[in-house]
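# Report on the structure
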Amino acid sequence: MKLILGCIADDFTGATDIASVLRREGMQVLQINGVPDNEKNYPLDVDVVVVALKSRTQPVQEAVADSVAACDWLMKQGVLQVFFKYCSTFDSTPEGNIGPVTDALMAKLNTKRTIASPAYPVNGRTVYGANLFVHGIPLAESPMKDHPLTPMRDSNLVRLLTSQTACQVKHINWQSVQEGRNKIQNLIDAEKEEKGVVWVVDALTDQDLIETTYGAADMTLLTGGAALAQGLPALYRDRQWTEQNATKQTVSIPAGNALVLAGSCSTATRGQVEAFLAHYPGTSVDPLALAKDEGEQQRLLNFIKEHIGKTPILVYASDSPENVAKIQNELGQQVAGELVEQCLSSLALTATNELGVTQLVVAGGETSGAVVSALHADTLLIGDEIEPGVPWTVMQGERKIGIALKSGNFGSKDFFLTALNAAN
Ligand code: ADP
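A quick note: this is a predicted structure, and the numbers were derived from the prediction, not measured.

## Focus on the domain arrangement of the chain
By domain assignment, the chain separates into domain 1 (5–238) and domain 2 (257–423). Residue-level contacts link 28 residues of domain 1 with 30 residues of domain 2. Of the roughly 2,500 Å² buried at the junction of domain 1 and domain 2 (both faces included), carbon and sulfur atoms supply 54%. Inspection of the domain 1/domain 2 interface yields 5 salt bridges. Taking the shortest distance from any N to any O, the salt bridge between lysine 54 and glutamate 341 comes out at 3.8 Å. Scanning the region where domain 1 abuts domain 2 turns up 9 residue pairs in polar contact (both at pLDDT 80 or more).

Here you go:
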């Protein structure tokens, strides 16, 4: 089998999200966490490699360096197309790195055209009139405007990307998208701008995104949300780059103890925490006590030890925007974030090393990144989807551990319970 697509994702949950979409559509997918090591042999008998970076909140220079290094490695493996995956929460200020990373990848791939499409209809993210909406509400008026790390203060993608990229940012409106793939392709082909063009393409439905990928079929670089990738497997089959009837490998989740860790303060996660606590025990992390080093870490560990193996359990830092603001005022945004990430990832390490945990569910993009780093889970085989965009994965290596990494905003109210049921 030949590697066809290389994805570069700006965070870990984003990576599993796109990996999951591609697997659902019949592709074999391996996720590598961090820039791949040139000296290392990976099991590359797959259609797609998704490289998960932690670049969403990195300063521009570091994000660009990691993304270009990942792209370089993917090109060496012979991929035919590259997909830069980000989600609907990213740094929308002029200091944001989506634009500079896109520019650098275009240069690396020697191309002057790309798409920017963070729409994800099944999760309520749509783009209309170049504005990004969350369940019908403009992004900058949605709860994401107060995201702890990447507050979204502008909904207009043309405007916010223009402030970040050296390219022209152009828009293909929804009416044109309704005319289909040929219309999209014609608009792209007719554009003569020399310095490069990032196309923001409206999308209200999955079909709009599929038309977009076909309209942009000749581009070597695509950028956007995981939903934009859903049309690619069919496109590759049409082009006979993959077999018509590829069979999916089965991936079973190792039996053992179950632990849920939530480091996201997003509305969806807070609802999931509440729903879980209605059935099973959990305890909340106190970031101020962590900062004062008052034995908080030990208290949390003791809680896990007391319950583990008897029942699924939850440790959560999730809190209301008012309380998060208070904590951030006291500790600083970055320090508070890092303290919580460090706390949860250290619990994950002890739980998997010493307490028989083989089924780990993690909520929060940055939080997932921290957990995966602590576990040195650098290669994950993608298994079946739990809910849209979130698959179970199995950490490769000597010890196999099932990990489900959920972006904060994703999932139904019962996600944690659904995940644990799906593993057994
Ligand atoms: P999401 O996917 O919802 O964006 P992330 O894990 O990416 O979630 O980001 C949430 C950030 O907020 C993390 O850095 C986390 O450590 C931090 N955080 C979580 N709980 C608190 C809290 N109670 N106070 C301050 N920061 C917190």
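Picking up where we left off.
## A closer look at the sheet that holds strand β7 (residues 131–134)
Sheets are built from strands paired through backbone hydrogen bonds, the pairs being either parallel or antiparallel. Sheet architecture is open: 3 strands sit in the order β6-β7-β8, paired in antiparallel fashion. Taken across any chain shown, the strands that pair with only one partner, and hence form the sheet edges, are β6 (125–128) and β8 (137–138). In this sheet, β7 lies alongside β6 in antiparallel orientation, the contact comprising 4 bridges. Across the sheet, residue threonine 126 finds its bridge partner in β7, namely phenylalanine 133.

## A look at the site of the ligand
Among the 23 residues in the neighbourhood of the ligand, the closest are listed as His147, Ser266, Glu341, Glu366 and Thr367. Within the contact set of the ligand, a nitrogen atom lies 3.0 Å away from a backbone nitrogen or oxygen of alanine 317. At 2.8 Å, a backbone N or O of glycine 337 approaches an oxygen atom of the ligand. Computed on the free molecule, the ligand has an accessible area of 570 Å², of which 98% lies beneath the protein chains in the complex. Of all the secondary-structure elements, those providing two or more residues to the shell around the ligand are α12 (321–331), α13 (333–354) and α14 (365–374). Ranked by residue count, the leading element in the shell around the ligand is α13, at 4 residues. Here the shell around the ligand is built from residues that sort into 9 nonpolar, 10 polar and 4 charged. Residue contributions to the shell around the ligand reach at least three from each of two domains, namely domain 1 (5–238) and domain 2 (257–423).

## Some details on the pattern of salt bridges
Tallying each qualifying case throughout the model produces 14 salt bridges. Note that arginine 159 is salt-bridged to aspartate 154, the shortest N-O span being 2.8 Å. The exposed category is assigned to arginine 159, whose relative accessible area is 51%. Glutamate 191 is paired through a salt bridge with lysine 170; the nearest N and O atoms lie 3.4 Å apart. Of this pair, glutamate 191 sits in the loop between α6 (181–190) and β10 (197–201) while lysine 170 sits in strand β9 (residues 168–172), and the two are 21 residues apart along the sequence. Classification of glutamate 191 by relative accessible area gives buried; the value is 17%.

## Description of the packing of α12 against α13
Put simply, α12 and α13 touch, their axes get as near as 7 Å, and they point 110° apart. It follows from the interaxial angle that α12 and α13 lie roughly perpendicular. Within the contact between the two elements, α12 uses Ile327, Gln328 and Leu331 and α13 uses Gln333, Val335, Ala336 and Leu339. Looking at the contact of α12 with α13, its residues break down into 5 nonpolar, 2 polar and no charged.

## Comments concerning the environment of glutamine 185
For glutamine 185, the position within the fold is in helix α6. For the pair glutamine 185 and leucine 300, spaced 115 residues apart in sequence, the C-alpha separation works out to 55 Å.

## Observations concerning the environment of glutamate 338
By the secondary structure assignment, glutamate 338 is in helix α13. When the C-alpha positions of glutamate 338 and asparagine 409 are compared, they lie 20 Å apart, and in sequence the two are 71 residues distant.

## Here's the deal with the side chain of serine 117
With respect to the helices and strands, the residue serine 117 is situated in strand β5 (residues 113–117). Setting aside its immediate chain neighbours within four residues, serine 117 contacts Tyr86, Val201, Leu209, Thr223, Gly224, Gly225 and Leu228.

## Looking at unusual backbone geometry
Its identity as a non-glycine residue notwithstanding, alanine 130 has a phi of 70°, on the positive side. The buried category is assigned to alanine 130, whose relative accessible area is 3%. Despite not being glycine, aspartate 293 has its phi angle at roughly 55°, a positive value. Owing to a relative accessible area of 67%, aspartate 293 belongs among the exposed residues under this scheme.

## Points about the nonpolar core
Of all hydrophobic cores here, the largest spans 137 residues; its most connected members are Leu22, Val50, Phe83, Ile115, Leu360, Val361 and Phe416. When residues of this core are assigned to domains, at least three map to each of domain 1 (5–238) and domain 2 (257–423). Beyond its immediate sequence surroundings of up to four residues, phenylalanine 83 is in contact with Leu5, Gly6, Cys7, Ile8, Ile18, Leu222, Thr223, Gly224, Gly225, Leu228, Ala229 and Leu232.

Reading the values: the criteria
- Residues numbered from 1 in each chain as written.
- Predicted model: local features only at pLDDT ≥ 70, side-chain atom pairs only at ≥ 80, totals over all residues.
- Heavy atoms only, no water.
- Domains from an automatic or database assignment.
- Contact = heavy atoms within 4.5 Å.
- Buried area = accessible area lost by both parts, 1.4 Å probe.
- Salt bridge = Lys/Arg side-chain N within 4 Å of Asp/Glu carboxyl O.
- Polar contact = N/O pair within 3.5 Å; in protein donor to acceptor, adjacent residues only side chain to side chain.
- Pairing = 2+ DSSP bridges.
- Helix = DSSP H or I, 4+ residues; strand = E, 2+ residues; numbered from the N terminus.
- Near = heavy atom within 4 Å.
- Areas by Shrake-Rupley, 256 points an atom, 1.4 Å probe, with all protein chains shown as cover.
- Nonpolar A, V, L, I, M, F, W, Y, C, P; charged D, E, K, R; others polar.
- Buried < 20%, exposed > 50% of the residue type's maximum accessible area, 1.4 Å probe, protein only.
- Axes fitted to C-alpha atoms, helices over the stretch in contact; angles between N-to-C directions.
- Parallel < 35°, antiparallel > 145°, perpendicular 65-115°, else oblique.
- Core = buried A, V, L, I, M, F, W, Y, C linked by side-chain atoms within 4.5 Å.

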